[in-house]
Structure formats: structure tokens, C-alpha cells
Amino acid sequence: MNLDLNQILQEIQQTETLEQIEEIRKKYIGKKWIISVEFKNMKDLSPDERKEKGQFLAKLKTEVENAIKAKEDELYKKQIEEKLNNEIIDITLDGVNCQEGEYGYLLGFRRYIEEVLHSMGFVIENWNEVVTKYQNFYSVNIPADHPAVEMQDTFYLEQTDETGDNLVLRTHTSSWQNEVMKKYGAPCKVMLPGKVFRYENTDASHDTTFWQLEGIVVDEKDKISLAHLIEFLEKFFSTVFGQAVKIRLRPAYFPFVEPGFEGDVSCPICNGKGCSLCKWTGWIEVFGAGMIHPNVLKEGGLNPEKYRGFAFGLWITRIVAIKYWIKDIRLFNSWDLRFLNS
């Protein structure tokens with residue numbers, strides 16, 4: 001089959017609705033569709049032909065995925081703007097039909113997650129959003145020369161701590177692992193929910209402010225292992241999504257855990273068969289996890305020769321967006337009552 005990139009890109013640009021762009025996604029990059037089928041047909045080629053065609057298809061798939069994502073963002077933004085222009089609200093009118101307030105998407109789901117973890121023996125802790133560089137970086141084994149420490153990735157404040165370092169807006173809820181270990185010692189099971197802040201460009205899947213939840217479990221070495229982490233994650237996410245899900249761990253580097261993993265759950269919408277939500281892979285990335293690094297335990301006042309623990313971090317904002325099919329996470333911070341009341 002002749003796959004012409006320019007022709008495909010032209011087809012993408014000519015779409016006028018989100019439904020049309022979804023059909024194009026299915027047509028070209030779904031599990032059983034054109035590009036995927038071409039990959040499968042490579043088995044009949046010679047080694048040299050497979051190499052050449054493999055490189056071509058990989059580049060083609062990346063270009064098509066990027067073009068679809070860009071067009072989808074454009075159409076979604078256009079849809080929101082049309083709603084804003086067509087739905088006029090007169091803010092000078094007296095309030096009518098006032099209703100009692102209720103939890104929004106994020107807070108409601110956060111409370112639910114907290115209840116699940118509380119039922120599993122976790123204690124809830126809430127800490128400051130403004131922290132020191134030591135708390136945010138050094139106490140969790142992030143060295144001074146790590147890119148995250150640079151000002152282009154982190155919000156620095158004018159205020160300083162007793163060492164003269166500028167305070168920062170926490171970039172992750174891991175920033176209070178150190179304080180929690182010093183407070184509770186071992187054994188302990190603690191969850192740390194809260195907002196975190198990143199200095200980055202925003203789009204439909206990225207924002208400067210979002211919600212995370214960190215959890216740590218620490219005990220004596222012979223009472224905790226990687227197997228306990230996997231068992232816990234399967235039980236936790238199956239409860240959260242209201243159905244049995246599978247867990248997939250992929251090796252990843254995080255300074256505060258060793259070994260570290262990026263984690264996927266089998267898509268609760270299609271049960272792992274492939275759909276638009278999981279981009280036809282059957283898996284959704286929703287957490288990071290690993291065994292707490294010995295240096296982090298040591299900084300928290302615990303002897304790594306005696307104690308061991310695991311940590312996991314959830315991007316609550318992403319999970320809520322997945323659960324409720326919200327395609328632009330910036331809506332959570334928009335204060336748009338039409339979204340909040342939907």
C-alpha cells in the first residue's frame with residue numbers, strides 16, 4: 001500500500017470536527033488499521049527491506065500522531081471558543097436557583113482516593129506548597145546539577161530560607177517524604193495529596209498547576225519488597241476504577257527510588273482491547289513508583305540497612321481526566337462554571 005505522508009497530512013488538515021479527527025486516528029494508527037497492518041506485513045520482507053521500511057513507518061507514524069494531536073487541540077479550542085461566544089451570561093442579574101455547593105471533579109475524586117487509601121491503613125498528611133530547595137530536591141536524592149533544579153523548570157520565590165537559598169513552589173509531593181519519615185519513623189504508611197507547580201508551556205495535556213498524590217510505605221527489610229508494591233498497586237487501582245485491572249511496570253529513572261518504574265494500568269474503558277482513550281494500546285500511564293532509595297531513607301533518619309520501603313506517585317489530574325473523558329486539563333483551573341457544573 002502506498003502511504004503518502006503529504007496526502008495523510010492534507011486529510012488531517014481538512015477535518016472540521018473532533019469526530020472526524022477520531023475517525024482518521026482509527027484509520028491510520030489504531031491496532032488493526034493501516035500503519036499497524038503495514039508493520040505486521042514486514043515479516044515477509046528481507047532484513048534490509050525490513051530495516052528500511054521500519055524506519056519509514058516509524059517516522060510516518062510519529063508525524064501522523066503529532067499532526068492528529070495538533071489538529072485535535074485546534075478543533076477542541078475552536079469548540080470552546082464557539083461555546084463562549086454563543087453562551088452570553090449577564091453577571092449583573094440577581095442570582096436565581098442557587099444550589100448548595102458540591103465537590104468538583106478533582107476534589108471529589110481526591111476524597112475518594114483518600115478514603116480508599118485510608119481503608120488500607122494509610123494516614124493523610126498535608127504540607128506546605130512553599131518549600132525549601134533541600135526539601136524539594138536534596139532530601140529526595142535530586143542533586144544540585146539536576147535539570148529540575150534550574151529556574152527554567154521550577155518556580156522560585158524571592159523569599160529565602162535560613163541558608164540563603166530561595167524558596168520554591170513544590171514541583172512534586174515527594175518534597176515532604178523526608179519530614180514524614182522523621183515524624184513517623186518506621187513502620188509507616190502515609191499519603192501526601194496536594195497541588196504541585198511546574199514552570200512549563202501549557203496545552204491540553206500540560207498545565208503549570210496540577211494535583212498529585214504521593215504514598216510511602218516503610219517497614220523492616222524482611223517485611224517489604226517489590227512484590228508487595230505490585231500487589232498493593234493492583235488492589236488499589238482495581239478499587240479506584242471499580243473493576244479488576246492489570247498493572248504494567250516499565251523501568252524508569254527517578255532519583256528518589258531504586259529501582260524505579262513508570263506504571264500503566266490496563267484501560268478500564270476497553271478492558272485492554274484498545275480504544276481512543278488509551279490510544280489503541282490497551283494501557284494508560286497513570287503513576288510512577290519504586291523502592292525508596294537508601295539515600296532518601298538515610299536523610300529521613302532511617303537506617304537503610306534495617307529498613308526498606310516503596311513509594312508511588314499518582315497524577316490525580318490525569319486520572320480524573322481519563323475517568324471523565326476530559327480532553328483539556330486546563331479546564332480544571334479555568335473557573336468556568338459551565339465546566340464545573342457539568
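The model shown is predicted, which means the values in this text are computed figures rather than measured ones.

S.K.: I would appreciate a short explanation of the overall build of the chain in the present structure.
M.R.: Per the secondary structure count, the chain includes 11 helices and 10 strands. Counting every position in the chain, which comprises 342 residues, the buried fraction comes to 42%. Of the contacts made within the chain by residues no fewer than 6 positions apart, 65% connect residues no fewer than 24 positions apart. Surface accessibility of the chain: about 19,300 Å² in total, with carbon and sulfur atoms responsible for 50%.

S.K.: What is the right way to read empty space enclosed by the protein from this model?
M.R.: One simple way to see leftover space: roll a probe sized like a water molecule over the atoms. Under the criterion given, the structure shown has one cavity of 30 Å³ or more. Roughly 40 Å³ of internal volume is contained in the largest cavity. Together, Leu-106, Lys-195, Asp-207, Thr-209, Phe-210, Trp-211, Thr-317, Ile-329, Phe-332 and Asn-333 line the largest cavity. Element by element, the count of residues in the lining of the largest cavity is highest for strand β6 (residues 209-220), at three residues. Considered class by class, the residues forming the lining of the largest cavity number five nonpolar, three polar and two charged.

S.K.: In this structure, what is going on with the environment of Gln-13? I would like to understand it.
M.R.: Among the secondary structure elements, Gln-13 is positioned in helix α1 (residues 5-13). With 55 residues separating them in the primary sequence, Gln-13 and Ile-68 have C-alpha atoms 8.7 Å apart.

S.K.: For this particular structure, what's the right way to read the pairing of strand β10 (residues 307-315)?
M.R.: Remember that side chains alternate between the two faces of the sheet whenever the strand is regular. As paired strands, β6 and β10 are joined by nine bridges and run antiparallel to one another. Opposite Gly-215, over in β10, you have Phe-312 as the bridge partner. The sheet contact formed by strand β9 (residues 283-292) and β10 spans five bridges and is antiparallel. Within the sheet, the bridge partner assigned to Phe-287 lies in β10 and is Leu-314.

S.K.: In this structure, what is going on with helix α10 (residues 316-323)? I would like to understand it.
M.R.: Among the eight residues in α10, six count as buried, and that is most of the element. Restricting attention to buried positions, one finds in α10 the residues Ile-316, Thr-317, Ile-319, Val-320, Ala-321 and Ile-322. Elements that come into contact with the buried residues of α10 comprise α5 (105-119), β6, α8 (226-241), β9 and β10. Backbone geometry just downstream of α10 places Trp-325 in the positive-phi region, at approximately 55°.

S.K.: Explanation requested: the pairing of strand β8 (residues 257-266) in the structure shown.
M.R.: Of all 10 residues in β8, seven are buried; the element is thus mostly enclosed. Bridge count for strand β7 (residues 247-252) against β8 is six bridges, and the pairing is antiparallel. Its bridge partner being in β8, Ala-252 is matched across the sheet by Gly-260. Two elements, β8 and β9, share eight bridges in a ladder whose sense is antiparallel. The residue bridging Val-265 from the neighbouring strand is Ile-284, located in β9.

S.K.: So what exactly am I meant to see when it comes to the nonpolar core here?
M.R.: One recurring pattern in soluble globular proteins: nonpolar side chains tend to sit buried together. Among the nonpolar cores identified, the biggest contains 56 residues, and Leu-117, Leu-233, Phe-236, Phe-237, Phe-287, Phe-312 and Leu-314 are the most heavily contacted of them. When near neighbours in sequence (up to four residues on either side) are disregarded, Phe-312 contacts Leu-117, Phe-122, Leu-213, Glu-214, Gly-215, Ile-216, Phe-232, Leu-233, Gly-288 and Ala-289. With 22 residues, the next largest nonpolar core counts Phe-137, Phe-256, Leu-297 and Ala-311 among its residues.

S.K.: Please clarify how the packing of aromatic side chains should be interpreted in this entry.
M.R.: How two aromatic rings sit relative to each other is set out by the distance from centre to centre and by the angle between their planes. In total, this model carries 14 aromatic pairs according to the counting rule given. Relative to Phe-256, the ring of Phe-254 has its centre 6.1 Å away and its plane inclined at 15°; by these criteria the two rings are stacked. Phe-254 gets classed as partly exposed once you look at its relative accessible area, which sits at 23%. The class of Phe-256 is buried, set by a relative accessible area of 15%. Connected via pairs of aromatic rings, a cluster forms that spans Phe-122, Phe-232, Phe-236, Phe-237, Phe-241, Phe-287, Phe-310 and Phe-312.

S.K.: I would appreciate a short explanation of the sheet that holds β10 in the present structure.
M.R.: Within a sheet, adjacent strands bond to each other through the backbone by hydrogen bonds, running parallel or antiparallel. As summarised here, the arrangement of the seven strands in space is β1-β5-β6-β10-β9-β8-β7, forming an open sheet in which the pairing is mixed. Only two strands of the sheet have a single partner each, and these edge strands are β1 (123-124) and β7. Looking at chain direction, β1 and strand β5 (residues 188-197) are connected through two bridges and run parallel. Among the inter-strand pairings, Ile-124 is bridged to a residue of β5, identified as Met-191. In the packing of helix α7 (residues 177-184) onto the sheet, contacts are made with β1, β5, β6, β9 and β10, and the angle to β5 comes to roughly 155°. Along the sheet face, α10 touches β6, β9 and β10 and points at about 50° away from the line of β10.

S.K.: It is not clear to me how the pattern of salt bridges should be interpreted in this structure. Could you clarify?
M.R.: If you walk through the whole model with that rule in mind, you get 12 salt bridges. The salt bridge partner of Glu-285 is Arg-250, with a shortest N-O separation of 3.4 Å. Of the two residues, Glu-285 is situated in strand β9 and Arg-250 in strand β7; the sequence distance between them amounts to 35 residues. Residue class for Glu-285 comes out partly exposed when judged on its relative accessible area of 36%. Its relative accessible area of 25% is what places Arg-250 among the partly exposed residues. By sharing partners, the salt bridges in this structure join Arg-248, Arg-250, Glu-262, Asp-264 and Glu-285 into a single network.

About the thresholds
- Position numbers for residues count from 1 along each chain, tracking the sequence in the order it is written.
- Given that the model is predicted, a residue must reach a pLDDT of at least 70 before its local features are reported, and side-chain atom pairs must reach 80 or more before they are shown or counted; all residues, however, enter totals for whole chains, interfaces and linings.
- Calculated side-chain values reflect all of the structure's heavy atoms, with hydrogen atoms and water omitted.
- Strands are runs of DSSP state E lasting at least 2 residues, helices are runs of H or I lasting at least 4, and numbering of each runs from the N terminus.
- The cut-offs for exposure are 20% and 50% of the maximum accessible area for each residue type, with area from a 1.4 Å probe on protein chains only; residues under the lower value are buried, those over the upper are exposed, and the others partly exposed.
- Here, residues are in contact when the closest pair of their heavy atoms is within 4.5 Å.
- Calculation of accessible area relied on Shrake-Rupley with a 1.4 Å probe; when residues are assessed, cover is drawn exclusively from the protein chains displayed.
- A 1.4 Å probe that fits but cannot get out identifies a cavity on a 1 Å grid over protein atoms alone, an open set with protein on both sides within 12 Å along at least five of seven lines counts as a pocket, and a residue lines either if it has an atom within 4 Å of a point.
- Grid points are joined across faces, edges and corners, and a volume is the space filled by probe spheres set on the points.
- For this scheme, ten residues count as nonpolar: Ala, Val, Leu, Ile, Met, Phe, Trp, Tyr, Cys and Pro. Four count as charged, namely Asp, Glu, Lys and Arg, and the remainder, Gly too, count as polar.
- Strand pairing requires that DSSP identify at least two bridges connecting the strands.
- Definition used in this section: a nonpolar core is a set of buried Ala, Val, Leu, Ile, Met, Phe, Trp, Tyr and Cys residues joined via side-chain atoms within 4.5 Å.
- Only the six-membered ring of Trp is used, alongside the rings of Phe and Tyr, when aromatic pairs are assigned; centres must lie within 6.5 Å, and planes under 30 degrees apart are stacked while those over 60 apart are edge-to-face, with the rest tilted.
- Note on geometry: axes are lines fitted to C-alpha atoms, helical ones only across the stretch in contact, with angles between N-to-C directions running from 0 to 180 degrees.
- Think of a salt bridge as a Lys or Arg side-chain nitrogen and an Asp or Glu carboxyl oxygen that are within 4 Å of each other.

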